[in-house]
Amino acid sequence: MKKKKSSTSSKKKIKAKMTQAPQGSILINRAKCTKCDSIIESKSVHDFVECKCGRIFVDGGLTYQRFGFKEISDLLIWNCATNDFEKVTNN
Ligand SMILES: [Zn+2]
């Protein structure tokens with residue numbers, strides 16, 4: 001793993017979380033923004049996708065799942081097991 005950056009000088013204050021999935025376990029890297037109702041999906045490793053209002057993003061395709069949000073309540077992540085979006089817990 002790369003070392004964590006303390007803070008990025010991004011123009012937007014978006015927090016990023018990244019989950020390293022066990023190989024082959026990500027089937028759909030998809031998220032939904034609760035603010036603008038966009039559904040976004042990252043389909044390949046460098047496929048960085050932002051929602052319409054820019055509050056959330058997903059990245060990493062099927063290799064890893066990286067997502068960001070301005071507020072954690074903005075973000076819903078697709079759960080392949082339940083076939084539904086679910087809230088992200090901030091841990
Ligand atoms: Zn949005």
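Structure first, text after, so check above.
Note that the coordinates shown come from a computational prediction; the quantities given were computed from them, not determined experimentally.

**Focus on the overall build of the protein chain**
Thought 1: Counting its secondary structure elements, the protein chain contains zero helices and eight strands.
Thought 2: Considering only contacts in the protein chain between residues 6 or more positions apart, those separated by 24 or more positions represent 38%.

**With respect to the environment of V45**
Thought 1: Secondary-structure assignment places V45 in the loop between strand 3 (39–41) and strand 4 (49–50).
Thought 2: Residue classification places V45 among the partly exposed residues on the basis of 14 C-beta atoms within 10 Å.
Thought 3: Sequence separation between V45 and L62 is 17 residues, and the spatial gap between their C-alpha atoms is 6.5 Å.
Thought 4: Not counting residues within four places of it along the chain, the set of residues in contact with V45 comprises G60, G61 and T63.

**Looking at the sheet that holds strand 8 (residues 84–87)**
Thought 1: With antiparallel pairing, the four strands of this open sheet are ordered in space as 3-2-7-8. Of all the strands in the sheet, the pair left with one neighbour each is strand 3 and strand 8. Going from strand to strand, the sheet's axes swing by 35° on average, the running direction of each strand aside.
Thought 2: In this sheet, strand 7 (residues 75–79) lies alongside strand 2 (residues 30–33) in antiparallel orientation, the contact comprising three bridges. Following the sheet pairing, K32 is matched in strand 7 by L76.

**Here we look at the pairing of strand 5 (residues 56–59)**
Thought 1: Because side chains alternate across strand 5, one face comprises the buried residues I56 and V58, and the other comprises F57 and D59, equally buried.
Thought 2: Following strand 4, the chain reverses through five residues before pairing antiparallel with strand 5; G54 in that reversal takes a positive phi of roughly 80°.
Thought 3: Direction of pairing for strand 5 relative to strand 6 (residues 65–69): antiparallel, over a ladder of four bridges. Looking at strand 6, one finds that D59 is bridged to R66.

Here is what the cut-offs are and how they apply
- Once a new chain begins, its residue numbering starts again from 1 and follows that chain's sequence as written.
- Whole-chain, interface and lining totals are the exception, using all residues; otherwise, since this is a predicted model, local features are given only for residues with pLDDT of at least 70 and side-chain atom pairs are given and counted only at 80 or more.
- Under the DSSP-based scheme used, a helix requires at least four consecutive residues in state H or I and a strand at least two consecutive residues in state E, with every element numbered from the N terminus.
- Whether two residues are in contact is decided by their C-beta atoms, placed from the backbone, lying within 7 Å.
- To assign burial, the other C-beta atoms lying within 10 Å of each residue's own C-beta are counted, with C-beta atoms placed from the backbone; 20 or more indicates buried, 12 or fewer indicates exposed, and intermediate counts indicate partly exposed.
- Paired strands are those between which DSSP finds at least two bridges.
- The axes used here are C-alpha line fits, helices contributing only the stretch in contact, and every angle between their N-to-C directions lies in the interval 0 to 180 degrees.

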